[in-house]
Protein chains: 2
Amino acid sequence: MDKQTITIYDVAREASVSMATVSRVVNGNPNVKPATRKKVLEVIDRLDYRPNAVARGLASKKTTTVGVIIPDVTNIYFSSLARGIDDVATMYKYNIILANSDENGQKEIQVLNTLLAKQVDGVIFMGNQITESIRAEFTRSKTPIVLAGSVDPNEQVASVNIDYVEAIDEATSTLVRHGNEKIAFVTGSLSEPINGQYRLKGYKKALAQAKIAYDPNLVFETEYSYKAGEAIWDRVKAAGATAAVIGDDELAIGLLNGAGDDGVVVPDDFELITSNDSKLTEMARPKMSSITQPLYDIGAVAMRLLTKMMNKEEVDNQTILLPYGIVERGTTK
Amino acid sequence: MDKQTITIYDVAREASVSMATVSRVVNGNPNVKPATRKKVLEVIDRLDYRPNAVARGLASKKTTTVGVIIPDVTNIYFSSLARGIDDVATMYKYNIILANSDENGQKEIQVLNTLLAKQVDGVIFMGNQITESIRAEFTRSKTPIVLAGSVDPNEQVASVNIDYVEAIDEATSTLVRHGNEKIAFVTGSLSEPINGQYRLKGYKKALAQAKIAYDPNLVFETEYSYKAGEAIWDRVKAAGATAAVIGDDELAIGLLNGAGDDGVVVPDDFELITSNDSKLTEMARPKMSSITQPLYDIGAVAMRLLTKMMNKEEVDNQTILLPYGIVERGTTK
DNA sequence: AAAAGCATTTAAACCGCTTGCATTTTTTTG
DNA sequence: CAAAAAAATGCAAGCGGTTTAAATGCTTTT
């Protein structure tokens, strides 16, 4: 009927030692005589004892679990980061509680709170908007937090990203160099700093450098999805753009297909560079030129940084920028 | 310095009631006088008290957390299921601990054990191979388990799937109807029941019905990845196939692109039907014809089933088959 | 007004493990 | 060989809740 769990107490009794000793051998504490350790280990094995992590968590105030807030696991960009996060988490004996937020501020706060209630040792947050309310929650809790692939303009909270300004500047400049003068900039909401501040800045910078006037009509704000990309093609075309820099791969492949289905030949008639270099770029035809970013590593590094913070180690640089690059594949001349 | 946590005890003191009463109001127990409830609620609000889920878990033996073992979050098929799982989990106030297994038996067991140590209330397992050792772990623990998008030939453990035999039969028959006689069947390892038993059976069934001899040379075993698909095209072509039924969307898009890059026109010269109807099917060009399966729902239903099991409700049918269909898009005539 | 019957509350025993401190055992040392 | 030092081990107090049995209040009944 009941789960007939065997506890540390059972082991102690069977091995005729105290719970304290059993606890020590379980935790690899060196203050145990080898003979005793062996005896205890045998009993543990015989009884098939497994420490209850919840009890352990209560007593030690550590759960070896971190919370991961992700907009949508189904988006390849985020799931790539998540994979990096999970792998290094595993490496450091942590588990991750994964929660989708849909970038909904309300949900984010809600989720963050339940994660904190569950006493996670740290949290990794993905989401492009660090609203005041979520920041308030962050600071209120003493739990370490790091952003992965998400910027905090204030640089208050630790984060791992690439230099979006430079990256988009370079991507845009590439397009300029290929002779384009009307380059569309299509991405997610400009109210998200990553778009409205960083990427847009890079875009403008490249234009200024090329002495091309900035035209707001070439800036397209939409959501990160394939459908949105397909849908926005008409407007991009109508605006007279001959090329586009795009902030998300799903969005980009949508736009690419939208153009293709419209009879436009890429890259001859239209060039395009996307931003994330996820595996989608290789799946598209033509393959998409892209800013390259180490997605997996962004997640991995973020998690590594978090382990340091949870470990109260001194961290010299809270705001990490990983290297990016540009690969030209089939969507640029 | 310390996290200065405020506990139920603090609330009790401030509200001059016992912890038990505070516990009752927190848990919505009706046996509390409205006036008392109000008073306690005020103190909770004033002190900004949040129940410690770990302590609660220890005392109540419920963690409202379920473990989710997934081969790879980065694979759109699995992440789609995961999304369904998480949404329903959230709906029922559960959180999910997500762990990647890479379909590695060793890792799966390892992960399952740490999940059980963390006292998850249930687990959802994705992975195409239910080895004896993992099944042993399953039965050893009294924790409810359900498989999502993964079959257990023995039907010992609860699961949610579509009818792979029928689905592949229908897909293959469609290809037959279009006049193909040499139809390749390309999928993951045949040692996985879902492929070796179910899908293969459907494939053979369709051939038999059409009086086409089964030719082992038209069966391709590979891994579920884009690269694998691209790579296997040459062999499929060499085998003289004029069409293919494929067990995974990433694999399918790889094969599709492999063919296209080789100058083969799909669907005129080669037809293809894939299996999962993930968003990749719409991203490919031509768009891929596919067996349709309610990916999100498979996850959602699996989680729903798990909630029932965790709740010790009687479950009439442990082996759920959701409806599937066939959509013909651009890769079939 | 005392006895009953309910509705509320409280006291206190866990839940299973960690950990500081005390105690015991073993090893060194003079 | 006794004393001091070091190494092992045990005790018991938490960790922050849940939950049951018992106690307390009030209202109702007779």
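Residues numbered from 1 in each chain as written. Chains lettered and ligands numbered in written order. Predicted model: local features only at pLDDT ≥ 70, side-chain atom pairs only at ≥ 80, totals over all residues. Heavy atoms only, no water.

- In the annotation of an unreviewed UniProt entry, chain A is listed under the name Catabolite control protein A and assigned to Loigolactobacillus jiayinensis.
- The UniProt entry for chain A carries this comment under Function (unreviewed entry): "Global transcriptional regulator of carbon catabolite repression (CCR) and carbon catabolite activation (CCA), which ensures optimal energy usage under diverse conditions." (UniProt positions renumbered as here; feature names shortened; annotations may be inferred.)

### Things to note about helix H2 (residues 19-26) of chain A
Residue and element names in this part refer to chain A.
So, point 1. Within the sequence span of H2, burial applies to Thr-21, Val-22 and Val-25. The buried side chains of H2 occupy one side of the element, clustering within an arc of 100° when seen end-on.
So, point 2. Looking at the buried positions of H2, the neighbouring elements they touch are helix H1 (8-15) and helix H3 (34-47).
So, point 3. Looking one or two places after H2, you find Gly-28, whose phi comes out positive at around 65°. (Buried < 20%, exposed > 50% of the residue type's maximum accessible area, 1.4 Å probe, protein only. Helix = DSSP H or I, 4+ residues; strand = E, 2+ residues; numbered from the N terminus. Arc of directions from axis to C-beta. Contact = heavy atoms within 4.5 Å.)

### Comments concerning the protein's contact with DNA strand C
So, point 1. Neighbouring DNA strand C are 27 residues, the closest being Ile8(A), Ser23(A), Tyr49(A), Arg24(B) and Thr36(B).
So, point 2. In DNA strand C, the atoms that sit within 4 Å of the protein are 66% sugar and phosphate, with bases accounting for the remainder.
So, point 3. Between a phosphate oxygen of DNA strand C and a main-chain N or O atom of Asn52(A), the distance comes to 3.1 Å.
So, point 4. With respect to DNA strand C, the side chain of Thr21(B) contributes an N or O atom lying 2.8 Å from a phosphate oxygen.
So, point 5. Where the surface near DNA strand C is concerned, the elements lending two or more residues are H2 and helix H4 (53-60) of chain A together with helix H2 (19-26) and helix H4 (53-60) of chain B. (Near = heavy atom within 4 Å. Polar contact = N/O pair within 3.5 Å; in protein donor to acceptor, adjacent residues only side chain to side chain.)

### Focus: the packing of aromatic side chains
So, point 1. Counted under the stated rule, the structure contains 10 aromatic pairs over all chains.
So, point 2. Relative to Phe138(B), the ring of Phe125(B) lies with its centre 5.6 Å away and its plane at 80°, an arrangement referred to as edge-to-face. Of this pair, Phe125(B) sits in strand E3 (residues 122-125) while Phe138(B) sits in helix H7 (residues 132-140), and the two are 13 residues apart along the sequence. The same class applies to Phe125(B) and to Phe138(B), which are both buried.
So, point 3. Ring centres 6.2 Å apart and planes at 75° place the aromatic pair Tyr203(B) and Tyr214(B) in the edge-to-face group. You can see Tyr203(B) sitting in helix H9 (residues 193-209) and its partner Tyr214(B) sitting in the loop between H9 and strand E7 (219-221), a full 11 residues away along the chain.
So, point 4. A relative accessible area of 1% means that Tyr203(B) is categorised as buried.
So, point 5. Taking the relative accessible area as the measure of exposure, Tyr214(B) reaches 33% and is therefore partly exposed.
So, point 6. Clustering of aromatic rings is evident, with ring pairs tying together Phe185(A), Tyr203(A) and Tyr214(A).
So, point 7. Over the aromatic face of Tyr214(A) sits the side chain of Lys204(A), whose NZ or CZ is 4.7 Å from the ring centroid. (Phe/Tyr/Trp six-rings, centres within 6.5 Å; stacked < 30°, edge-to-face > 60°. Lys NZ or Arg CZ within 6 Å of the ring centre and 35° of its normal.)

### Points about the protein's contact with DNA strand D
So, point 1. Close to DNA strand D lie 28 residues, the nearest being Ser18(A), Arg24(A), Thr36(A), Ile8(B) and Ser23(B).
So, point 2. The contact atoms of DNA strand D, taken as those within 4 Å of the protein, divide so that sugar and phosphate hold 62%.
So, point 3. One of the backbone N or O atoms of Ile8(B) is found 2.6 Å from a phosphate oxygen in DNA strand D.
So, point 4. Residue Tyr49(B) places a side-chain N or O atom 3.0 Å away from a sugar or linking oxygen belonging to DNA strand D.

### Side note on the sheet that holds strand E1 (residues 65-70) of chain B
So, point 1. Here we have 12 strands laid out as an open sheet, ordered E11(A)-E5(A)-E4(A)-E3(A)-E1(A)-E2(A)-E2(B)-E1(B)-E3(B)-E4(B)-E5(B)-E11(B), and mixed in their pairing. Pairing within the sheet leaves two strands with one partner each, and these edge strands are strand E11 (319-322) of chain A together with strand E11 (319-322) of chain B. If you compare each strand with its neighbour and ignore which way they point, the axes differ by 25° on average.
So, point 2. Running at roughly 170° to strand E4 (residues 145-148) of chain A, helix H13 (residues 295-310) of chain A makes contact with strand E1 (65-70), strand E3 (122-125), E4, strand E5 (158-162) and E11 of chain A of the sheet. (Pairing = 2+ DSSP bridges. Axes fitted to C-alpha atoms, helices over the stretch in contact; angles between N-to-C directions.)

### Thoughts on the environment of Val43(B)
Residues and elements named next belong to chain B.
So, point 1. As for its position among the elements, Val-43 is in helix H3 (residues 34-47).
So, point 2. For Val-43, a relative accessible area of 5% puts it in the buried group.
So, point 3. For the pair Val-43 and Val-11, spaced 32 residues apart in the sequence, the C-alpha separation amounts to 6.3 Å.
So, point 4. Setting aside residues no more than four positions away along its own chain, Val-43 makes contact with Val-11, Glu-14, Ala-15 and Asp-48.

### Focus: the relation of the copies chain B and chain A
So, point 1. Here chain B sits on chain A after a turn of 180° about the axis and a move of 0.0 Å along it, with an RMSD of 0.1 Å. Taken together, the rotation and translation describe the operation of a two-fold axis. For chain B, the smallest separation between a C-alpha atom and the rotation axis is recorded for Ile97(B), amounting to 2.1 Å.
So, point 2. When you check the interface residues of chain B against chain A, 100% turn up at the interface there too, and the contact is symmetric in its surfaces. (Least-squares fit on C-alpha atoms with pLDDT ≥ 70 in both.)

### Re the UniProt feature "domain: HTH lacI-type" (unreviewed entry) in chain A
So, point 1. UniProt's entry tags residues 6-60 of chain A with the feature "domain: HTH lacI-type" (unreviewed entry), counted in the numbering of this structure.
So, point 2. With 69% helix and 0% strand, residues 6-60 of chain A has end C-alpha atoms that lie 20 Å from one another.

### Some details on the environment of Val68(A)
All names here are of chain A.
So, point 1. Within the fold, Val-68 resides in strand E1.
So, point 2. Note on Val-68: relative accessible area 0%, which makes it buried.
So, point 3. Each C-alpha atom of the pair Val-68 and Ile-97 lies 5.9 Å from the other, and the pair is 29 residues apart in sequence.
So, point 4. When neighbours within four sequence positions are excluded, Val-68 is seen to be in contact with Ile-85, Ile-96, Ile-97, Leu-98, Ala-99, Leu-115, Ile-124 and Met-126.

### Quick look at the packing of H4(A) against H4(B)
So, point 1. Put simply, H4(A) and H4(B) touch, their axes get as near as 9 Å, and they point 135° apart. When the axes of H4(A) and H4(B) are compared, the pair comes out oblique. Considering how the two elements wind past one another, H4(A) and H4(B) form a crossing that is left-handed. Packed against H4(A), whose contacting residues are Val54(A), Ala55(A), Gly57(A) and Leu58(A), the element H4(B) presents Val54(B), Ala55(B), Gly57(B) and Leu58(B) at the interface.
So, point 2. For the contact of H4(A) with H4(B), the residue count by class is 6 nonpolar, 2 polar and no charged. (Parallel < 35°, antiparallel > 145°, perpendicular 65-115°, else oblique. Left-handed = near helix turned anticlockwise from the far one by under 90°. Nonpolar A, V, L, I, M, F, W, Y, C, P; charged D, E, K, R; others polar.)

### Considerations on the nonpolar core
So, point 1. Grouped together as the largest cluster of nonpolar side chains are 158 residues, with contacts concentrated most on Met303(A) and Met303(B).
So, point 2. Each residue touching Met303(A), except ones within four places of it in the same chain, is listed here: Val66(A), Ile85(A), Val88(A), Ala89(A), Tyr94(A), Ile124(A) and Met310(A).
So, point 3. Counting 34 residues, the second-largest nonpolar core is a separate cluster that includes Ile97(A), Leu115(B), Leu116(B) and Phe138(B). (Core = buried A, V, L, I, M, F, W, Y, C linked by side-chain atoms within 4.5 Å.)

### Looking at the pattern of salt bridges
Residues and elements named next belong to chain A.
So, point 1. A complete count under the given rule lists 43 salt bridges over all chains for this structure.
So, point 2. A salt bridge links Asp-152 to Arg-135; the nearest nitrogen and oxygen atoms lie 3.1 Å apart. With Asp-152 in the loop between E4 and E5 and Arg-135 in helix H7 (residues 132-140), the pair connects residues that are 17 residues apart, well separated along the chain.
So, point 3. Taking the relative accessible area as the measure of exposure, Arg-135 reaches 10% and is therefore buried.
So, point 4. Note that Arg-329 is salt-bridged to Asp-277, the shortest N-O span being 2.5 Å. (Salt bridge = Lys/Arg side-chain N within 4 Å of Asp/Glu carboxyl O.)

### As for the packing of helix H6 (residues 105-117) of chain A against H7(A)
Helix packing for two helices is described by the angle between their axes and how far apart those axes are.
Residue and element names in this part refer to chain A.
So, point 1. Their axes nearest at 9 Å, the elements H6 and H7 cross at an angle of 15°. Compared by their axis directions, H6 and H7 come out roughly parallel. As for how H6 packs across H7, the hand of that crossing is left-handed. Contacts between H6 and H7 pair Glu-108, Ile-109, Leu-112 and Asn-113 from the former with Ser-133, Ile-134, Glu-137, Phe-138 and Arg-140 from the latter.

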